[in-house]
Amino acid sequence: MSSRPRPPVRDVVFVEGVRTPFGKARPDGLFAETRADDLAVKSVRELLRRRPELPAERISEVAIAATTQTGDQGLTLGRSVAVLAGLPKSVPGFAIDRMCAGAMTAVTTTASAIGFGQQDVAIAGGVEHMGRHPMGFDADPNPRFVSEKIVDSTALIMGSTAENIHDRYPHLTKERADAYGVASQAKYAAAVEAGKVAPDLVPIAVRSAEKGWGLATADELARPGTSVEDIKNLKTPFRPGGRVTAGNASPLTDGATMCVIAAGDVAAELGLPVRMRMVSFSYMGVDPEVMGLGPIPSTEKALENAGLSISDIGLFEINEAFAIQVLAFLDHFGMPDDDPRVNLYGGAIAIGHPLAGSGVRLMTQLARQFAEHPEVRYGLTTMCVGLGMGGTVIWENPHHADYSGHTS
């Protein structure tokens, strides 16, 4: 009787990441007259333009996430975008939804197929046009969630879940959240000034009735120069006298992100650059009423999977859905509010958070930071997820002297 063959396990590497500028999800926003699927198509085309050494027929899969899969965000985005982007008809695709961790899940799902040896190269990302499809638009949550007390009613309102974290950890005050929000704005403004943001952006042709045709080349949501004094008296829309405001939370955003991931040996064969190597990932659930705590157990599990500790992580990209969610993560792991390893270019409070698209933005920024910091071996990307989840991916820096993967 023959023994059962062991499944193949290969390195999975992050080759290239891009994103559109992020726009205000409003009738006067950058992309008010632009289709969501076109944002994704243009991002895919930009990936192929930047990586001419990647034959389109070598792409094994296109996975694209959206939280609200309807209208121009529906129709099996991965496949429809692949066809619209001009990929060979042989390239399959699918859509995926894990709310805010959609693009992250698109990456880890395709990475699993690559690591298992069934695919070689994948395009993964996410898009969200919140101006056209607000979070929860046309959704019909089962009334049993609340009527049978499966969750508290606040679990279905993300801002209310952030207020609940403030309740649970009163030492994480509104003043600390406001200070964190201001710091995010300042770090992002400094990164823009230093030329660290523009290289990742895909210019998008846009049109409006008032201005005609134009070209979107920069994010439009940031508020540079914001001070704590400016935001301390903003309205608290989720609770009278609450602590969550527009100054310490991410704004509603339109945008798309996309990346190429590949098997390490295939990247070497094709001469593709290796920006970072996937080490481990994890998704974990928490009480939906405090969904912002999700990154804590998902990070603990990803570290366990990798055989690492939090002290091994030299760079963190934490999605800033709400400042309180990041503060709770830092507090749990004994890190200061202004830890210099965290969100070097600022975060979603300044940049924006197009829900399903944000995971690949985190990865793209971490890859750029790895190149700037060869002394750092490991970094992670993490985010909270609606209905009480967290997702974390740990990456290794190919520029580090002890890098354990293969480089092209």
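Residues numbered from 1 in each chain as written. Predicted model: local features only at pLDDT ≥ 70, side-chain atom pairs only at ≥ 80, totals over all residues. Heavy atoms only, no water.

1. Digging into the pairing of strand β3 (residues 59-65)
Okay, step 1: For β3, the tally of buried residues reaches 6 of 7 residues, placing the bulk of the element in the interior.
Okay, step 2: In this sheet, strand β5 (residues 121-129) lies alongside β3 in parallel orientation, the contact comprising 6 bridges. The residue of β5 that forms the bridge with Ile 59 is Val 121.
Okay, step 3: For β3 and strand β4 (residues 93-96), the ladder comprises 4 bridges, and the chain directions are parallel. Counted as the bridge partner of Ile 64 is Ala 95 from β4.
Okay, step 4: In this view, the connection linking β3 to its parallel neighbour β4 by way of helix α2 (residues 77-84) has right-handed handedness. (Buried < 20%, exposed > 50% of the residue type's maximum accessible area, 1.4 Å probe, protein only. Helix = DSSP H or I, 4+ residues; strand = E, 2+ residues; numbered from the N terminus. Pairing = 2+ DSSP bridges. Right-handed = clockwise from strand over helix to strand, strands pointing away.)

2. Digging into the UniProt feature "active site" (unreviewed entry) in the chain
Okay, step 1: What UniProt calls "active site" (unreviewed entry) maps, in this numbering, to Cys 100, His 353 and Cys 384. These annotated residues cover 285 residues of sequence, but their C-alpha atoms sit close together, with the largest distance between any two at 11.9 Å.
Okay, step 2: Mapped onto the elements, His 353 comes out in the loop between α11 (348-351) and α12 (358-372).
Okay, step 3: For His 353, a relative accessible area of 5% corresponds to the buried category.
Okay, step 4: Excluding residues within four positions of it along the chain, His 353 makes contact with Cys 100, Met 130, Ser 250, Pro 251, Thr 253, Asn 319, Ala 321, Ala 348, Ser 358 and Met 383.
Okay, step 5: A distance of 3.4 Å separates the side chain of His 353 from the side chain of Asn 319, its partner in a polar contact.
Okay, step 6: With respect to the helices and strands, the residue Cys 384 is situated in strand β11 (residues 378-385).
Okay, step 7: On the accessibility criterion, Cys 384 (1% relative accessible area) is buried. (UniProt positions renumbered as here; feature names shortened; annotations may be inferred. Contact = heavy atoms within 4.5 Å. Polar contact = N/O pair within 3.5 Å; in protein donor to acceptor, adjacent residues only side chain to side chain.)

3. What to know about the packing of aromatic side chains
Okay, step 1: A full pass over the atoms with the stated rule returns 4 aromatic pairs.
Okay, step 2: With 5.9 Å between their ring centres and 80° between their planes, Phe 14 and Trp 395 make a pair best called edge-to-face. Remark: Trp 395 occurs in strand β12 (residues 389-396) and Phe 14 occurs in strand β1 (residues 12-19); sequence separation between them is 381 residues. You'll find Phe 14 and Trp 395 in the same group, each marked buried. (Phe/Tyr/Trp six-rings, centres within 6.5 Å; stacked < 30°, edge-to-face > 60°.)

4. Considerations on the pairing of β1
Okay, step 1: Within β1, 8 of the 8 residues are buried, which leaves the element mostly enclosed by the surrounding structure.
Okay, step 2: Pairing between β1 and strand β8 (residues 253-263): 7 bridges, direction antiparallel. Counterpart to Gly 17 in the pairing with β8 is Cys 259.
Okay, step 3: As defined by bridge partners, β1 adjoins strand β9 (residues 276-285) across 2 bridges and the pair is classed as antiparallel. Bridging from a neighbouring strand, Val 13 pairs with Arg 277 of β9.

5. Notes on helix α5 (residues 158-168)
Okay, step 1: Of all 11 residues in α5, 9 are buried, a share of seventy percent or more.
Okay, step 2: Every buried residue of α5 is accounted for by Met 158, Gly 159, Ser 160, Thr 161, Ala 162, Glu 163, Asn 164, Ile 165 and His 166.
Okay, step 3: Summarising the contacts, the buried residues of α5 are in contact with α6 (174-193) and α10 (323-332).

6. Quick word on α6
Okay, step 1: The terminal C-alpha atoms of α6, which comprises 20 residues, lie 29 Å apart, in line with the 28 Å expected from a rise of 1.5 Å per residue.
Okay, step 2: Listing the buried residues of α6 in full gives Lys 174, Ala 177, Asp 178, Tyr 180, Gly 181, Val 182, Ser 184, Gln 185, Tyr 188 and Ala 191.
Okay, step 3: Residues of α6 that are buried sit in contact with α5, α7 (228-231), α10 and α11.
Okay, step 4: Just past α6, the residue Gly 195 takes up positive phi, approximately 75°. (Expected span 1.5 Å × (residues − 1).)

7. Comments concerning the side chain of Thr 257
Okay, step 1: Turning to its location among the elements, Thr 257 is positioned in strand β8.
Okay, step 2: Judged by its relative accessible area of 0%, Thr 257 is buried.
Okay, step 3: From its side chain, Thr 257 meets the backbone oxygen of Gly 357 in a polar contact 2.7 Å long.
Okay, step 4: What Thr 257 contacts, discounting residues up to four positions off in sequence, is Val 18, Arg 19, Phe 22, Ala 103, Gly 125, Gly 126, Gly 357, Val 360 and Arg 361.

8. Concerning unusual backbone geometry
Okay, step 1: The phi dihedral of Thr 76 is positive, around 45°, even though this residue is not glycine.
Okay, step 2: Note on placement: Thr 76 falls in the loop between β3 and α2.
Okay, step 3: Positive phi is not limited to glycine here, since Asn 343 has a value of about 50°.
Okay, step 4: With respect to the helices and strands, Asn 343 occurs in the loop between α10 and α11.
Okay, step 5: For Asn 343, a relative accessible area of 0% translates into the label buried.

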